[in-house]
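# Examination of the molecular architecture
Chain by chain, the residues:
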Amino acid sequence: MSKNTLLAMLFVIALIACKQEKEIQVLKPSNYFDVLNKEFTGDLAYETTSFVEKYWRVVGNTGFNKSVFKIAEELEKAGFVKEENATIKDSLTYRIEKRPLEKPTWESVDATVKIVGDNTLLLQHSTNRNMIALNSYSTPKEGVTAEVVYVKDLKKLKTLDIKGKIVFAETHPYRIFNQAIVESGAAGLITYSNPKYLQPEKNTTSIQFRSIPLNETIKPWAIAMSYEAKERLKAKLKEGKVVLDVMVKTNVYPSEELTIIADIKGSLYPKERLVFSAHIQEPGANDNATGVGVALEMATLTAKLKEQKRFSPNRTLTFLWGDEIVSTNRYVKEDSIRAKDIKWGISLDMVGEDTKKTGGTFLIEKMPDPSAIWTRGNDKHTEWGGQKMKLSQMKPHYLNDFLIDKFKEQGKRANWVVNTNPFEGGSDHVPFLGRNIPSVLFWHFTDQFYHTDNDRLDKVSKETLKNVGVASLVSAYSLVNANDKSAKVILKDIQKAAFSRLKEEQKQSELALSKGDSLKTQKAIINAWNDWYVKTAKTTEDVVKNNATFTLDVEQTQKAIDSVSSKIIEVLVKKNQSLTSENK
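Sequence order as written defines the numbering, with residues in each chain counted from 1. Only residues with pLDDT of at least 70 get local features here, since the model is predicted, and only at 80 or more are side-chain atom pairs given and counted; chain-wide, interface and lining totals rely on the full set of residues. Here the side-chain values reflect all heavy atoms present in the structure, with hydrogen atoms and water set aside.

Structural remark: α-helix, 3.6 residues per turn; residues separated by three or four positions point the same way. Only DSSP runs of H or I covering at least 4 residues are called helices, and only runs of E covering at least 2 are called strands; the numbering of each starts at the N terminus. One less than the residue count of a helix, multiplied by 1.5 Å, gives the span that helix is expected to have. Along its 13 residues, helix α6 (residues 227–239) runs 19 Å from first to last C-alpha, staying within 8% of the 18 Å computed at 1.5 Å per residue. Exposed residues in this analysis have more than 50% of their type's maximum accessible area, buried residues have under 20%, and partly exposed residues fall in between, with area computed by a 1.4 Å probe over protein chains only. Every buried residue of α6 is accounted for by Tyr227, Ala229, Lys230, Leu233 and Leu237. Taken down its axis, α6 places every buried residue within 160° of arc, on the same side. Opposite the buried face of α6, by more than 90 degrees, sit the exposed residues Lys238 and Glu239. In what follows, residue pairs with any heavy atoms lying within 4.5 Å of each other are defined as contacts. In this structure, the buried residues of α6 make contact with β3 (105–115), β4 (123–124), β5 (144–150), β6 (166–169), β7 (188–191) and β9 (243–253). Backbone geometry just after α6 places glycine 240 at a positive phi near 140°. Throughout, the arc means the angular range of directions from the helix axis out to the C-beta atoms.

The rule for pairing is simple: two strands pair if DSSP sees at least two bridges between them. Judged by pairing direction, the sheet is mixed, and its 9 strands sit side by side in the order β1-β2-β10-β12-β11-β13-β16-β14-β15 without closing on themselves. Looking at strand neighbours, the two that pair on one side only are β1 (81–82) and β15 (418–421), the edges of this open sheet. Contacts from helix α4 (residues 62–77) reach β1, β2 (92–100), β10 (256–264) and β12 (315–322) within the one sheet, and its direction differs from that of β10 by about 20°. Axis definition: a line fit to C-alpha positions, over the contact stretch in the case of helices; interaxial angles, taken between N-to-C directions, run 0 to 180 degrees. Along the sheet, helix α13 (residues 462–480) makes contact with β11 (269–279), β12, β13 (342–348), β14 (361–365) and β16 (439–445), crossing β12 at roughly 140°.

Any segment with low pLDDT has predicted coordinates that should not be analysed in fine detail. A residue's pLDDT is simply how confident the predictor is in it, with values from 0 to 100. Per-chain confidence: the chain averages 95 in pLDDT, with 96% of residues scoring 70 or above. In the predicted structure, residues 17–22 sits below a pLDDT of 50 and forms 0 contacts with residues beyond four places in sequence or in another chain.

Once that is clear, we can look at the sheet that holds β5. As summarised here, the arrangement of the 7 strands in space is β4-β3-β9-β5-β6-β7-β8, forming an open sheet in which the pairing is mixed. Where the open sheet ends on each side, the last strands, each with one partner, are β4 and β8 (222–224). Of the pairings in the sheet, the one linking β7 to β8 comprises 3 bridges and is parallel in character. In the strand pairing of β8, leucine 189 is matched with alanine 222. Seen against the sheet, α6 touches β3, β4, β5, β6, β7 and β9 and runs at an angle of roughly 115° to β6.

What follows covers the nonpolar core. In plain words, nonpolar cores are sets of buried Ala, Val, Leu, Ile, Met, Phe, Trp, Tyr and Cys residues tied together by side-chain atoms within 4.5 Å. Counting 136 residues, the largest nonpolar core has Leu36, Leu75, Ile190, Leu244, Trp321, Phe442 and Tyr477 as the members making the most contacts within it. In contact with leucine 75, other than residues within four places in its own chain, are Phe80, Tyr94, Ile260, Ala262, Leu296, Ala299, Thr300 and Trp321.

For the rest of this paragraph, the subject is the packing of aromatic side chains. Here the aromatic set is Phe, Tyr and Trp, taking the six-membered ring for Trp, and pairing holds for ring centres within 6.5 Å; pairs whose planes are under 30 degrees apart are stacked, those over 60 apart are edge-to-face, and all others are tilted. Tallied over the entire structure, the rule returns 22 aromatic pairs. Seen from their ring centres, tyrosine 197 and tyrosine 450 are 6.4 Å apart, and the 45° between their planes marks the pair as tilted. Remark: tyrosine 450 occurs in the loop between β16 and α13 and tyrosine 197 occurs in the loop between β7 and β8; sequence separation between them is 253 residues. Ring geometry for phenylalanine 362 against tryptophan 416: centres 4.9 Å apart, planes inclined by 40°, an arrangement best described as tilted. Highlighted residues: phenylalanine 362 in strand β14 and tryptophan 416 in the loop between α11 (399–414) and β15, separated in sequence by 54 residues.

Below, the discussion takes up empty space enclosed by the protein. Think of a 1 Å grid over the protein atoms and nothing else: a 1.4 Å probe that fits but is trapped marks a cavity, an open set flanked by protein within 12 Å on at least five of seven lines marks a pocket, and residues with an atom within 4 Å of a point count as lining. Grid points are joined across faces, edges and corners, and a volume is the space filled by probe spheres set on the points. Here the structure, examined in full by the defined rule, presents 1 cavity of 30 Å³ or more. Quantified by volume, the largest cavity comes out at close to 30 Å³. Taken together, Glu97, Arg99, Thr259, Ile261, Leu320, Ser327, Arg330, Tyr331 and Glu334 make up the full set of residues lining the largest cavity. Only β2, β10 and α8 (326–333) provide two or more residues apiece to the lining of the largest cavity. Top contributing element to the lining of the largest cavity by residue count: α8, with 3 residues. The residue classification treats Ala, Val, Leu, Ile, Met, Phe, Trp, Tyr, Cys and Pro as nonpolar and Asp, Glu, Lys and Arg as charged. All others, Gly included, are polar. For the lining of the largest cavity, the per-class residue count stands at 3 nonpolar, 2 polar and 4 charged.

Right, dumping it as structure tokens:
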């Protein structure tokens with residue numbers, strides 16, 4: 001073989017190797033977005049969402065448990081091994097935790113409501129699967145036929161003779177349950193209480209799911225109505241006495257609580273972990289079949305990349321699916337040693353919306369920061385609502401701005417809108433925060449189909465599932481492999497975010513002063529943000545291993561933030577003096 005021939009062959013081999021390396025790209029921070037946007041298709045997320053949303057899911061019932069076993073099946077396909085069968089070499093493991101339920105589980109089966117004398121049904125389960133209030137029992141097979149009593153003034157409920165009658169009220173059934181059913185002996189309840197953000201006059205068939213207390217002695221039932229049904233019933237009542245035929249069929253039975261947890265073991269610091277939590281229960285597609293689906297594709301894709309040796313997490317990635325708040329709360333409390341090493345927690349809740357249909361936008365609900373005390377400027381609470389917090393409840397940490405930056409980057413790439421809201425609570429991020437574990441919520445709001453039986457698969461966007469999955473994985477990979485070098489980048493970004501926030505707060509404070517607000521309040525706001533970011537800068541040390549020089553970097557950042565805050569307060573003092581002089 002000639003020298004030239006040999007060189008040519010080596011050149012061809014090198015080209016082939018180069019091409020294969022390009023095709024099988026090893027992940028690194030510089031290409032996380034590029035690779036994951038190719039690898040995360042959204043197919044499994046959407047397929048899983050489609051499977052889960054078919055069921056009205058309550059912990060322990062058929063749909064909930066089938067969802068758990070679907071997750072387990074997909075995990076095993078991806079190479080996860082049951083913990084009980086795993087060896088020390090297995091880095092992909094999962095377990096299904098089982099606990100007996102203290103109370104029976106529940107599932108809806110069928111129901112119809114008919115106005116006696118009318119030819120068409122008022123409501124039927126086949127088209128309104130949220131019509132049966134959670135914890136309702138079945139009526140006799142032949143149903144219940146009874147007169148309707150419309151209670152406009154709830155204060156008068158206790159004075160009315162409603163024994164054996166059906167109480168109709170425009171309120172939550174839970175609110176009147178004790179008085180109407182337990183104390184006054186009503187045959188059942190039929191209620192309406194859709195909030196305005198659901199646009200009930202437009203979405204006339206929507207029913208937001210409701211519940212009543214579980215009562216195994218009385219075995220009561222309640223029906224929730226759509227706007228259309230409510231208006232029809234009220235119109236009929238204006239004509240005179242109304243009698244309803246109501247048939248309800250449900251299953252109420254002993255069961256067990258299942259929680260499924262998958263771990264992708266870290267190679268350097270396996271005890272340290274990031275936990276994604278996605279709750280299974282609730283009856284909708286977006287809430288929260290989408291969270292279940294996105295988490296599952298994230299877990300299986302990471303397993304694939306790890307097995308291909310394209311990505312190796314230094315810290316453990318954990319995925320938890322279970323009962324909202326309950327399962328996550330147990331996870332962070334039952335093992336105090338494990339809880340100490342949970343570095344980040346993220347809740348995936350309502351993460352796949354087609355916002356052209358549902359409304360609202362994708363949101364990152366921030367850890368408690370001063371925007372939850374002074375909500376102004378671009379910060380806005382959602383219609384879900386939030387309570388004003390105290391300075392003692394603040395949770396300074398880089399996680400807020402870190403995640404916002406990553407998601408905004410995916411937003412630019414995919415022309416996808418990413419916004420934030422001040423802390424409001426109500427999902428799986430709350431248990432983490434309760435244990436002082438940094439945590440945020442990924443979700444959508446306002447959603448005109450939230451908790452209604454119109455939250456179906458047609459309201460889900462595969463593109464959104466992908467965007468959330470990609471941005472979540474980029475964030476997760478960056479965090480579990482964070483080191484001294486990346487900590488410096490995070491620290492610089494925090495300083496930049498602090499300056500930007502303080503500048504915006506200065507603008508808002510100047511506007512507030514011009515409207516007559518007190519200088520004392522404006523100083524308090526600037527000082528609160530200064531304190532939040534000074535403490536946030538310190539939290540970047542949690543991914544640094546024995547680096548004394550990094551502490552000096554943190555101190556310099558803190559001084560820079562202090563300096564900017566002091567100058568802003570000086571400007572505000574002068575502004576206030578100027579305004580005071582003008583008003584004399």
